[in-house]
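Each chain, letter by letter, is given below.
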There are 2 protein chains.
Amino acid sequence: MKKQKTRDHIVEAADLLFYQQGFEHTSFSDISDAVQISRGNFYYHFKSKDDILEAVISARMDKTRKMLTQWELKGSRPEDRIKCFIRILVTNRDKILNYGCPVGTLTTELAKIKHASREEANALFTLFRNWLKEQFTQLGHPADADNLAMHLLARSQGVATLASAFQDAKFIDDEVTQMCEWLNAYVPKE
Amino acid sequence: MKKQKTRDHIVEAADLLFYQQGFEHTSFSDISDAVQISRGNFYYHFKSKDDILEAVISARMDKTRKMLTQWELKGSRPEDRIKCFIRILVTNRDKILNYGCPVGTLTTELAKIKHASREEANALFTLFRNWLKEQFTQLGHPADADNLAMHLLARSQGVATLASAFQDAKFIDDEVTQMCEWLNAYVPKE
DNA sequence: ACACCTTTAGGACGCTCATCCTAAAAAAAT
DNA sequence: ATTTTTTTAGGATGAGCGTCCTAAAGGTGT
């Protein structure tokens, strides 16, 4: 079925554009230019711009869930899995320098314009939060797990914002190193 | 002269609206409604919307500079002055929960839309950065001063973003406490 | 009372936007 | 080959935007 394929293309292009330019600042023309599709034809696939946003968020949720399970397979120890999270900053360094954190910037924008889908965007944060919480629990800190998860989320978020503002790649690397060291203090010695 | 007074009112109202709704999402009608002034009359005071933004940023720079000198008078020791910075999160808790950090959100928005004034907005970050750097130097860490300043900026930024996303006031308080403890490790013992 | 400068109001303009509509093209089914 | 369904293109619509223009109102000095 061709419909699904076109729909996926639209979501993919919108996803990228929403990240690079922001949701409000991205018009239908921008998306149609990227997908090479007629502007008016959008409404065969989506009923509104908000509808595209929902699809984009939903796609990001899926992609994130897959990434998290990937990390669970890659790192056998919880500390290794958490380090996978910390290192996204390094992995996506260039994107972050240019456009900031995809989760943080979208959440902030939608909150500011009081968009109906802002709760759905927040769910992306919750996904990471709960996953990290689980890892910290497995690491042996069940009581503090949620606090540690929030702490790590906040630090990553701050690093992304500042690195982007100052175009400072080295800052990312330094802070990632520090976060790994911070994490090591919570790894039980055998 | 009445002109200056009206101009100040406009800047004040625009400042608040840009913070609460974002720059792009705030229209001339929004501002004129707030100031109770005719929409078309704006162009007697400003030559464009971007011009208002410049004035708002400039006003924020002035206000920030005043705040920083205030802190220098209030805290005689550098560690006390740095704690003034850390505690803005607590002081402005409600605003931050609703609208995030004024500096971070504006910087991020302007960067994303590649607005001409994004460098000017970044200067707000630089103001804090240099001031903090100076305090850490006075604290006896001249070599690390800039790194420590960036680190603290990033943490505050992250806390604001996450607290706003999760509407979590307690998270702000906890993290502020942690940052103060972190700072204490850098205070020389006598 | 008059002239002059400052400040204001509010409509007009052109543009872009999200959305809708309809007819044609493409594909699939018969 | 013909009918039916799916998918497309592109113009029309109406609203909101930033901006501009002009005439009037307000204030001030003579």
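Below, the structure is looked at part by part. These numbers come from a predicted model, not from an experiment.

### Overview of the overall build of chain A
Piece 1. Helix and strand counts for chain A stand at 11 helices and zero strands.
Piece 2. Reading chain A from its N end, one meets helices and strands in the order α-α-α-α-α-α-α-α-α-α-α.
Piece 3. Within chain A, the fraction of its 190 residues that count as buried is 52%.
Piece 4. Counting contacts in chain A only where the partners sit at least 6 residues apart, residues at least 24 apart contribute 68% of the total.
Piece 5. Within the structure as shown, chain A displays about 9400 Å² of accessible surface, and the carbon and sulfur contribution to it stands at 49%.
Piece 6. Treating the 26 positive side-chain charges of chain A as one cloud and the 26 negative ones as another, the clouds have centres 3 Å apart.

### Thoughts on the interface of chain B and chain A
Piece 1. Taken together, the contacts link 32 residues of chain B with 32 residues of chain A.
Piece 2. When chain B packs against chain A, close to 2900 Å² is buried across both sides, 64% of that on carbon and sulfur atoms.
Piece 3. On the chain B side of the interface with chain A, the three residues burying the most area are B:Lys112, B:Met150 and B:Phe166, jointly 23% of the side's total.
Piece 4. Put simply, chain B and chain A have zero salt bridges between them.
Piece 5. Where chain B meets chain A, there are 10 residue pairs in polar contact (both at pLDDT 80 or more).
Piece 6. Among the elements that line the side of chain B that touches chain A, the one with the most residues is helix H9 (residues 145–166) of chain B, at 12 residues.
Piece 7. Partitioning the side of chain B that touches chain A into residue classes produces 12 nonpolar, 14 polar and six charged.

### Remarks on the packing of helix H4 (residues 49–74) of chain A against helix H9 (residues 118–138) of chain A
Residues and elements named next belong to chain A.
Piece 1. As a packed pair, H4 and H9 sit with axes 9 Å apart at the nearest point and diverge in direction by 10 degrees. Classified by the interaxial angle, the pair formed by H4 and H9 is roughly parallel. For the pair H4 and H9, the contacting residues are Glu-54, Ile-57, Arg-60, Met-61, Thr-64, Arg-65, Met-67, Leu-68, Trp-71 and Glu-72 in the first and Glu-120, Ala-121, Ala-123, Leu-124, Leu-127, Phe-128, Trp-131 and Gln-135 in the second.
Piece 2. By residue class, the composition of the contact of H4 with H9 is 11 nonpolar, two polar and five charged.

### Considerations on the side chain of B:Arg60
Piece 1. On the secondary structure map, B:Arg60 appears in helix H4 (residues 49–74).
Piece 2. Here the side chain of B:Arg60 touches B:Pro102 through a polar contact of 3.4 Å, landing on its backbone oxygen.

Rules behind the numbers
Residues numbered from 1 in each chain as written. Chains lettered and ligands numbered in written order. Predicted model: local features only at pLDDT ≥ 70, side-chain atom pairs only at ≥ 80, totals over all residues. Heavy atoms only, no water. Helix = DSSP H or I, 4+ residues; strand = E, 2+ residues; numbered from the N terminus. Buried < 20%, exposed > 50% of the residue type's maximum accessible area, 1.4 Å probe, protein only. Contact = heavy atoms within 4.5 Å. Areas by Shrake-Rupley, 256 points an atom, 1.4 Å probe, with all protein chains shown as cover. Lys, Arg positive; Asp, Glu negative; His and termini not counted. Charge placed at Lys NZ, Arg CZ, Asp CG, Glu CD. Buried area = accessible area lost by both parts, 1.4 Å probe. Salt bridge = Lys/Arg side-chain N within 4 Å of Asp/Glu carboxyl O. Polar contact = N/O pair within 3.5 Å; in protein donor to acceptor, adjacent residues only side chain to side chain. Nonpolar A, V, L, I, M, F, W, Y, C, P; charged D, E, K, R; others polar. Axes fitted to C-alpha atoms, helices over the stretch in contact; angles between N-to-C directions. Parallel < 35°, antiparallel > 145°, perpendicular 65-115°, else oblique.

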